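Okay, here's what each chain looks like letter by letter:
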Amino acid sequence: MKFEAWIAMLGLLWATIGPAHAMQFDRTVPSGTTVRMHHYRSWGKNCEGNGGMVKLLTKPQHGKLTTRTVDSRIEINRFARGGGTPCTGRPIKAFEVNYRSNPGYHGPDSFTIEMITGRGSRDVDTYSITVQ
């Protein structure tokens, strides 16, 4: 599914979900190459995926984003505070967010996305990119 389709699907959820946590990521990427920015996962108490969505808040000015669903594993991360969960290491589907700069572009770029978990929590991530 195209990233723009995800945006349309998520528009209705915006007003019904609570406050978000913010994170800043800095990445250096080669020009014109697709690079994975992050995997986003959401799971319930039974350690099975419980949905979740990625929403684009601000687009990159000098590149494009793509998403896809990939096989992943639950790992210790900011959503599993306290050193992990009984779910750590189990397989799960994840949303992968990829960035590719416009061909020949070199310089700064950025974008902001929001992960909405199946439980309704939100996390906003801003990526500052240096394209080399």
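Residues numbered from 1 in each chain as written. Predicted model: local features only at pLDDT ≥ 70, side-chain atom pairs only at ≥ 80, totals over all residues. Heavy atoms only, no water.

Structurally, Ile92 is set in strand β5 (residues 91–101). In contact with Ile92, not counting residues within four places along its chain, are Arg41, Ser42, Trp43, Gly49, Val70, Asp71, Ser72, Arg73 and Ile74. (Helix = DSSP H or I, 4+ residues; strand = E, 2+ residues; numbered from the N terminus. Contact = heavy atoms within 4.5 Å.)

The subject of this paragraph is the sheet that holds strand β4 (residues 63–73). Taken together, 3 strands build an open sheet; the order of strands is β2-β5-β4 and the sheet is antiparallel. In the strand order of this sheet, the two ends are held by β2 (35–40) and β4, each with one partner. Taken over all neighbouring pairs, the strand axes of this sheet differ in orientation by 25 degrees on average, direction set aside. (Pairing = 2+ DSSP bridges. Axes fitted to C-alpha atoms, helices over the stretch in contact; angles between N-to-C directions.)

We now examine the confidence of the model for the protein. In this model, the protein carries an average pLDDT of 80, and 77% of its residues clear a pLDDT of 70 or more. Across the protein, strand β7 (residues 122–131) holds the top mean pLDDT of 94, while helix α1 (residues 3–10) sits lowest at 47. In the model, residues 5–19 has pLDDT below 50 throughout and makes 21 contacts with residues more than four positions away in sequence or in other chains. (pLDDT = per-residue confidence, 0-100.)

Tallying each qualifying case throughout the model produces 1 disulfide. There is a disulfide in this structure between Cys47 and Cys87, and the S-S distance comes to 2.1 Å. Because the torsion about its S-S bond is -80 degrees, the bridge between Cys47 and Cys87 counts as left-handed. Taken as a pair, Cys47 in the loop between β2 and β3 (52–58) and Cys87 in the loop between β4 and β5 lie far apart in primary sequence, 40 residues in all. By the burial criterion, Cys47 is buried, and Cys87 matches it. (Disulfide = S-S within 2.5 Å. Buried < 20%, exposed > 50% of the residue type's maximum accessible area, 1.4 Å probe, protein only.)

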